[in-house]
Amino acid sequence: MKLVIDLGNTSTKIGIFNKSKLKKHIVIDGLISQKEFQKIISSVTIESVIISSVRSDSQKLENFIEKKFRTINLSATATSATTTTTTTTTTSPLLLPFKNLYKTPATLGRDRIANAAAAANLFPNKNVLIIDAGTCLKFDFVDEKSNYYGGSIAPGLLMRFKALHEYTGRLPLIQPKKSAKLIGQTTEDSIRSGVQQGMINEVLETVSQYEELFPGLNIILTGGDWRLFVEHLKKSIFADPFLTLKGLHYILEYNT
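So, how was this worked out
Residues numbered from 1 in each chain as written. Predicted model: local features only at pLDDT ≥ 70, side-chain atom pairs only at ≥ 80, totals over all residues. Heavy atoms only, no water. Helix = DSSP H or I, 4+ residues; strand = E, 2+ residues; numbered from the N terminus. Rg over C-alpha atoms; globule rule 2.2 N^0.38 Å. Contact = heavy atoms within 4.5 Å. Areas by Shrake-Rupley, 256 points an atom, 1.4 Å probe, with all protein chains shown as cover. Lys, Arg positive; Asp, Glu negative; His and termini not counted. Charge placed at Lys NZ, Arg CZ, Asp CG, Glu CD. Pairing = 2+ DSSP bridges. Axes fitted to C-alpha atoms, helices over the stretch in contact; angles between N-to-C directions. Buried < 20%, exposed > 50% of the residue type's maximum accessible area, 1.4 Å probe, protein only. Parallel < 35°, antiparallel > 145°, perpendicular 65-115°, else oblique. Nonpolar A, V, L, I, M, F, W, Y, C, P; charged D, E, K, R; others polar. Expected span 1.5 Å × (residues − 1). Phe/Tyr/Trp six-rings, centres within 6.5 Å; stacked < 30°, edge-to-face > 60°. Salt bridge = Lys/Arg side-chain N within 4 Å of Asp/Glu carboxyl O. Arc of directions from axis to C-beta.

### A few points about the overall build of the protein chain
Then, number 1: Counting secondary structure elements, the protein chain contains 7 helices and 13 strands.
Then, number 2: Against the 2.2 N^0.38 benchmark of 18 Å for 256 residues, the protein chain shows a C-alpha radius of gyration of 19 Å, consistent with a compact globule.
Then, number 3: Considering only residue pairs separated by 6 or more positions, the protein chain has 50% of its internal contacts joining residues 24 or more positions apart.
Then, number 4: Of the roughly 13500 Å² of accessible surface on the protein chain, 51% is carried by carbon and sulfur atoms.
Then, number 5: Put simply, the protein chain has 31 plus and 23 minus side-chain charges, and the middle of one group is 5 Å from the middle of the other.

### Observations regarding the sheet that holds strand β10 (residues 136–142)
Then, number 1: Taken together, 6 strands build an open sheet; the order of strands is β8-β11-β10-β9-β12-β13 and the sheet is mixed. In this open sheet, the two strands that pair with only one neighbour each are β8 (99–100) and β13 (238–239).
Then, number 2: In terms of strand pairing, β8 meets strand β11 (residues 147–155) through 2 bridges, oriented parallel. For K99, the partnering residue across the bridge sits in β11 and is N147.
Then, number 3: Across the face of the sheet, helix α4 (residues 157–166) comes into contact with β10 and β11 while running at roughly 30 degrees to β11.

### Quick notes on the pairing of strand β2 (residues 11–18)
Then, number 1: Counting buried residues in β2 gives 6 out of 8 residues, a clear majority hidden from the surface.
Then, number 2: Pairing analysis gives 6 bridges linking strand β1 (residues 2–7) to β2, with the strands arranged antiparallel. Bridging across to β2, L7 finds its partner in T12.
Then, number 3: Between the antiparallel neighbours β1 and β2 lie 3 residues.
Then, number 4: Note: β2 against strand β3 (residues 21–29), 8 bridges, orientation antiparallel.

### So, the packing of helix α3 (residues 110–122) against helix α7 (residues 243–255)
Each packed pair of helices is defined by two parameters, the angle between the axes and the distance between the axes.
Then, number 1: The contact between α3 and α7 brings their axes to 7 Å, and the two run at 80 degrees. Classed by the angle they form, the pair α3 and α7 counts as roughly perpendicular. Together, D111, I113, A114, N115, A117, A118, N121 and L122 of α3 and L243, T244, G247, L248, Y250 and I251 of α7 make up the contact between the two elements.
Then, number 2: Split into classes, the residues belonging to the contact of α3 with α7 amount to 9 nonpolar, 4 polar and 1 charged.

### A look at unusual backbone geometry
Then, number 1: One non-glycine residue, K19, adopts positive backbone phi at about 60 degrees.
Then, number 2: Looking at the secondary structure, you find K19 in the loop between β2 and β3.
Then, number 3: Classification of K19 as exposed rests on a relative accessible area of 70%.
Then, number 4: The backbone of N125 sits at a positive phi, close to 60 degrees, despite the residue not being glycine.
Then, number 5: By the element assignment, N125 lies in the loop between α3 and β9 (128–133).

### Brief notes about α7
Then, number 1: Across its 13 residues, α7 extends 18 Å between first and last C-alpha, which sits within 8% of the 18 Å expected from 1.5 Å per residue.
Then, number 2: Taken as a whole, α7 has its buried residues at L243, T244, L245, G247, L248, H249, I251 and L252.

### Describing the packing of aromatic side chains
Then, number 1: Considering all chains together, one arrives at 8 aromatic pairs under this definition.
Then, number 2: One aromatic cluster in this structure is built from F141, Y149, Y210 and F214.

### Quick look at the pattern of salt bridges
If the charged atoms of two oppositely charged side chains come close together, the side chains can form a pair.
Then, number 1: Throughout the structure, instances matching the rule amount to 10 salt bridges.
Then, number 2: A salt bridge links R112 to D140; the shortest N-O distance between them is 2.8 Å. With a gap of 28 residues between them, R112 in helix α3 and D140 in strand β10 connect regions that are remote in the sequence.
Then, number 3: Where salt bridges share partners, they join K181, E188, D189 and R192 into one cluster.

### Considerations on the side chain of D132
Then, number 1: Tracing the backbone shows D132 in strand β9.
Then, number 2: Setting aside chain neighbours within four positions, we find D132 in contact with N115, L137, K138, T222, G223 and T244.

### Side note on helix α1 (residues 34–41)
Then, number 1: Residues of α1 that are buried include every one of F37, I40 and I41, and no others. Axial view of α1: buried residues confined to an arc of 85 degrees, hence all on one face. Turned more than 90 degrees away from the buried face of α1 sit K35 and K39, all of them exposed.
Then, number 2: Against the buried residues of α1 lie β1, β2, β3 and α2 (59–68).

Encoded structure:
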């Protein structure tokens, strides 16, 4: 079994893979504890692990995992990988299934790298737009020659709701709903209309601009809020909430 650990800003996501199949996934709010981690893997034989972390408080957990398993840990620069066994630690260039043309690769998020890797694997020789609707709303583009160019980053759904609440004196902090009325007749409905309908329109217009440049574009939708957009995209899309985990697994396979 291969273990994928994605230590994000708001949650820990773990995927257990048998060959190329995701057999089990776990999501835990915040940073997983060593005790919780040991419980999860207690009945699984782990061959190798890949860790992707954007957290500043995860080093102790990472060290613990690296001592137990053959581990690839994406480095802070996101251009190299630290491979650890029980006796050695080596740092080597991170091998990727695409050519990275991002002009500041050291600042490129690991989730964006993983999503691009998954896209290159799922749609070889195709133009692919990845929409990741999570903490941030991210667009990433991989062309038919497996060149990764970058894309865009904007505040995600919950971030927009929080911003309205925290930067105003009286607007409440509300939760999203599956759908939002176009014309909000209460303050809560007006906020949902502005945030949710605004994000939907943003996604549709961005997709339209990419499609003008790249006819026959393939679209992958992922992230925690993917359901908000899936029914509004007119063309056929590939929706996969586990895309980042699968991309990290593919990078693990590609490097081992």
